[in-house]
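Structure assessment
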Amino acid sequence: MHRSVIVTIVSNMAAAGCVFHRTLARSRLDPSKASSSSSSSCVCRDLLYVVDLHRYSRDQGSSVYFPQSVLSGDDLYDVTVTDGDCRLRVTLDPGLNKLVERNVLAPGSTLRNATFTPALSAQLPACTGASDSYRLVSMEVVADGVRREDVDVLPWFRSSQPTGTGGGPLRANRSVFLPLWNNVDYSGDGWRGAPPAEEEEDEDTQEAGQGLRPAVTVSELRDSFLSGRRPVARGFVQHQLIVRIISKSHLMYYGRTEQNCECPYKAVLEVCDQTGSVCVVLWNSVCVDWYRCLKPGDIIGLRRYRVKPHYQAERGAIEISVNSRNPAAQISVVPESSLSPEYLPPAPTYSFYTSKQLLERPHGSECDVIGLIMFSGRSERIRNKAGGAELLEYHWLSLEDGTSDQPIRVKLFSTSQPETHSKLHPLSVVVCTRLRCIRDADRTNVGFYLTNTSYTQVYCTGLGHHSEMSYRKLRPVRQFLQWLRSQDDGQVLSRALIGGFFIHPPPAFCLENYMKDRRGEPGFLRGVELQRELERLCYRERQTFCIQATVAMVTYCRRGEEDRSMFWSDRASSLPSPSSSSLRPSPILSFPSTPSLTSTPRSFRSSSPSSSIHQLTPLPRGAGRTSRKRKQQLQEQTPKRRQEGPVRLHEQRHHEDGTSVGGSAVTLLSLCRLPRFRLQPEQNTQTVILFEASREFLDNTNADEDKDSTDEDAASFVISPLPPDFTPIALETLPMRFDYTHREEQAVAVAMGGRVTAERQDWALEDYYTLRLRALSDSLMVDAVFLPHASTSPLLPHSNTWISILSHGAFSSHAPPPSPADLIAMATQLTNQRLVCVLEACHLGGARTELILSRAFHLTD
C-alpha cells in the first residue's frame, strides 16, 4: 500500500519535469493516424541517453508496424532512452539498424533531435502491456555519451513499462531477446539459472526403502520404437527415463521471418544409461527453463517425451524430443546419492592431450585440453560459411601446459556460456572439451590450431567450475597442476598479453602458395570495390581482401607521438589530399564512409632529397606524450644502402586528435617477437596468482630489458613544412601487457562493445610503419600500418630487403633487424614495384575501420 503511494508520487514528480511529457504527451500525436509523415511525428530537442538496446528477429506480423520502411534484414531493435527523469522504451526504425550494427548507437550514447512517431495501439502484441508506443525514426548520435548507472530507479513514462521479467519485444511475437552480437549466447533475466520446482515422484520410479530407479531404459525405448509398439512409436512416453548428461551443445536459434514461434531455440544433450546412449533435444521454452541449469555429468529424469528417428545418425538411431507442449515434458535433476547403485549411469569420459601430444593428432580429431591462458585476443566476428547473414563471434586463446615450447592455439567461438567467456583472460586456468583439430596437410604444424564443435564446453577459474567436474581427478590434470605450481608469477606475467590484432594460421610466404590456399575465395579488388566492401562491414566483422598496388609513401612513428615521424615518399607518385575524403572526428556521428581511402591526388612539398640524417630539434616540454628515454642522434656511420637513391626524411608535426584513433588503418600485428619485460614479484609472493588459479581443483577432495636499443633511431628526423597526414593507429590494434590488478577492466575493453583507452595501459608494442598504397586499378590510396618487428608465424631467414620483409610479414630470424631509419632509407627499393597486398579488415565501431597488411608479394611480369 505504502509502496504504491510512493511510486505514484515519484511518477507525478517526474512528469512535471519529464522531457517525454513535454514533447510526446503535449504534442497530442494521434496513434490512429500514425505514419512517417511529419504531421504525426515530433522532435525532442533535449538530450536523451540510451539506457539499453534489445535485439530480436521479426516475424510474419512485424511488417505491419513499418508500412513505409524497407525491411532488408531479419533484426529489429527496441531502445530504452531516458531524459534523467523517466524512461521510455521505443522501437528503432529499421532504416537506422546500421547504426547499431556498426556500434554507432550503443548503450551510453547521447541522442539529440530524436524524432518519434506513434504506433497504432491495435498493432501492439498482447504481451507488451503498453498503451503508448513509439518508433524512433531519426536522431543525431553524440559520441561522448556516458553510460548511466542510476536508471533502474527512474519511473517509466506513462504505461511504457515492459511487463514480465524484462518485458518482451514490442514488434514481434517473441518471448526472449537475442544477444546484440551473436545468435548463440542467451540474453536476459528470463533464462533460468536454477531448476523449476520439481513434482512429486511417481510409484513406478521409487519403492519404499529403496533407491530411485528408472521405469524404462534407453535400449528398451529403442527396441520399442523400431518395432512400432505403442505408445513409444506413435505417442508420448510417460515412464521416467533416468540418464546422465555426457555432452551439451550450444544453443541453436532457428527463428525465421516467416515463422511466429515465440521461442525458436533448441539444444542437444548427449545422454546415456547403462544400456546405451541417445540424444535428447530440448525445444523452445524448455531451453529457457533448463539450458543454464544442466551441465555434463548431471543425472536427469525425463517424463512425457516423444521418441523420434535420428535422421543425422546411422540407420536405426533414435532421439528423444522434449518440448513444453504436446505434451509438456517433465524434467528433474536427480541426486546421484538417491539412485540405486545398479542403475547408476556411467560417468563422462575425457580425452586430454598435452601441447606435445597434439602435434601428432590428425586433422578433424577431437580432444580435450587444459592450459594456462597466456594470450586472450579481442572478440571478433566472421560470416557463417553455411550461408545467410549470421555473424559468428570468436576470439583467440593461447595456452601453455609446460610440455613443449609450442603453445596451444584455440579459435574459440561462442559456446552459450557468456559468463565463462568473460573470465577468459590471461593467467586463468581453462579446460576446453570436445575441440576439433585443424591441420593443413601441406604445412605440417605451422598453421595447427583447435576450434569448436557443437558440443564444446569451457570451464574457467573464477567461477568454481573445476571443483564440480570429475576431470579434476584425472592424471593429465594433476600433472598440469604440478607444473603450474612450479611457475613464478612475475615470469609468467611478463609474457602475458591481452587484446590486439592477431592472425592465425599465418599466410604463406610466397604468392603461388598463398593463391593456392585462397582457392575459392574472391579475387583481386579494385580500389573502389575495396571501399565498398569496407563500408558494408558490421561491428568487429573480419574479412580478408586482396588488391594490386604500388607504395607511394612509407612513414615511421610511435603511438601517441604521431607529431614526430620519419617518412619517405616516391617523387613520381601523386599523393592524395587527406582532406578530400578523410573523415575527421566530430561530436556527432553519422553512418560513415571509410576515411582512409581517397582518389583525389595532391603533391607533398618537402625538403631537398638527402641521404643524411639530421639531429632532432626537441619538442617543447609536454608536447610529446612519452615516458621513455629518447636518443637524439643516430650512429655516425650510415649504411651504404642509404645512398641508393633520393631519400626524404621528415618530422611530422600536426595537431593530435584524441577523439578518434585507428580510422581505416591497415595494420600487421603479431606476438612472437614482442619485447619482453620481466616483472619483479613481491617478496615471498612468487606463485600467489598461479596458486590461487589452481585451488579450485583441490576443493571437495625479471626487471625490464634495456629500452635504449629499441629507441636507437627514434629521435632522428628532418623538419618538413608539409608532413604527411594520416590517422593514428587504433588502440584496439595494439596488444596490452596483462595487468592482473585491472584484469576485469582489460577483459571488458577487448570484449564486444568494449573500448580500449590509453589510461593505465602498458603497451607491448608502440612503434609502427604506415605504408600508403596506390591501387593499380584506379589509383585509390590506402594507408596501411605495418609492424615487421613482430610476427606470429615461425621466423625464417631472408635478406631483410623491403620485398622480402613484406612477403614474410617480419624481419629475418638470422640477422639483426634494420633500424627504423635504415628501413626508411631503404624504401627507395619500393619505387614502381607492383605488389599483391593481402589486407585483413576489421570494423572497430563508429567511423573506425582497421585494415591489416598481413603480406605483400612482389608481382613480376
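Below you will find a few notes about this structure. Please read these numbers as outputs of a predicted model, since none were measured by experiment. (Residues numbered from 1 in each chain as written. Predicted model: local features only at pLDDT ≥ 70, side-chain atom pairs only at ≥ 80, totals over all residues. Heavy atoms only, no water.)

Summarising the element assignment, D368 is placed in strand β16 (residues 366-376). Although D368 is buried, it forms no salt bridge, and the closest oppositely charged side chain is R434 at an N-O distance of 6.2 Å. A polar atom in the side chain of D368 sits 2.7 Å from the backbone nitrogen of S351. (Helix = DSSP H or I, 4+ residues; strand = E, 2+ residues; numbered from the N terminus. Buried < 20%, exposed > 50% of the residue type's maximum accessible area, 1.4 Å probe, protein only. Lys, Arg positive; Asp, Glu negative; His and termini not counted. Salt bridge = Lys/Arg side-chain N within 4 Å of Asp/Glu carboxyl O. Polar contact = N/O pair within 3.5 Å; in protein donor to acceptor, adjacent residues only side chain to side chain.)

Glancing now at the pattern of salt bridges. Applying the stated criterion across every chain yields a total of 25 salt bridges. Note that R89 is salt-bridged to D78, the shortest N-O span being 3.3 Å. Of the two residues, R89 is situated in strand β4 (residues 87-92) and D78 in strand β3 (residues 75-82); the sequence distance between them amounts to eleven residues. Each of the two residues, R89 as well as D78, counts as buried. In this structure, E850 engages R378 in a salt bridge whose closest nitrogen and oxygen atoms are separated by 2.5 Å. Pair check on accessibility: E850 and R378 agree, each one buried. A network of salt bridges, in which partner residues are shared, links R378, E380, R542, E840 and E850.

Cis geometry is adopted by the peptide bond preceding P327, which originates at N326 and carries an omega value of -5°. Inspection of the secondary structure puts P327 in the loop between β14 (318-322) and β15 (330-333). Cis geometry is adopted by the peptide bond preceding P505, which originates at H504 and carries an omega value of -5°. For S779, which is not a glycine, the phi torsion comes out positive at approximately 65°.

Per the counting criterion, the structure on display carries one disulfide. The partner cysteine of C18 in its disulfide is C86, sulfur to sulfur 2.3 Å. In this pair, C18 sits in the loop between α1 (2-17) and α2 (19-25) while C86 sits in the loop between β3 and β4, placing the two residues 68 residues apart along the sequence. Of the two residues examined, C18 and C86, each falls in the buried class. Left unpaired, C432 is separated from the closest cysteine sulfur, that of C460, by 9.0 Å. (Disulfide = S-S within 2.5 Å.)

With that out of the way, let us pick up the environment of V750. For V750, the position within the fold is in helix α13 (residues 743-750). Classification of V750 as buried rests on a relative accessible area of 6%. Along the primary structure V750 and E732 are separated by 18 residues, whereas in three dimensions their C-alpha atoms are 7.5 Å apart. Ignoring any residue separated from it by four or fewer positions in sequence, one finds V750 in contact with G377, R378, S379, I498, G499, R540 and M736. (Contact = heavy atoms within 4.5 Å.)

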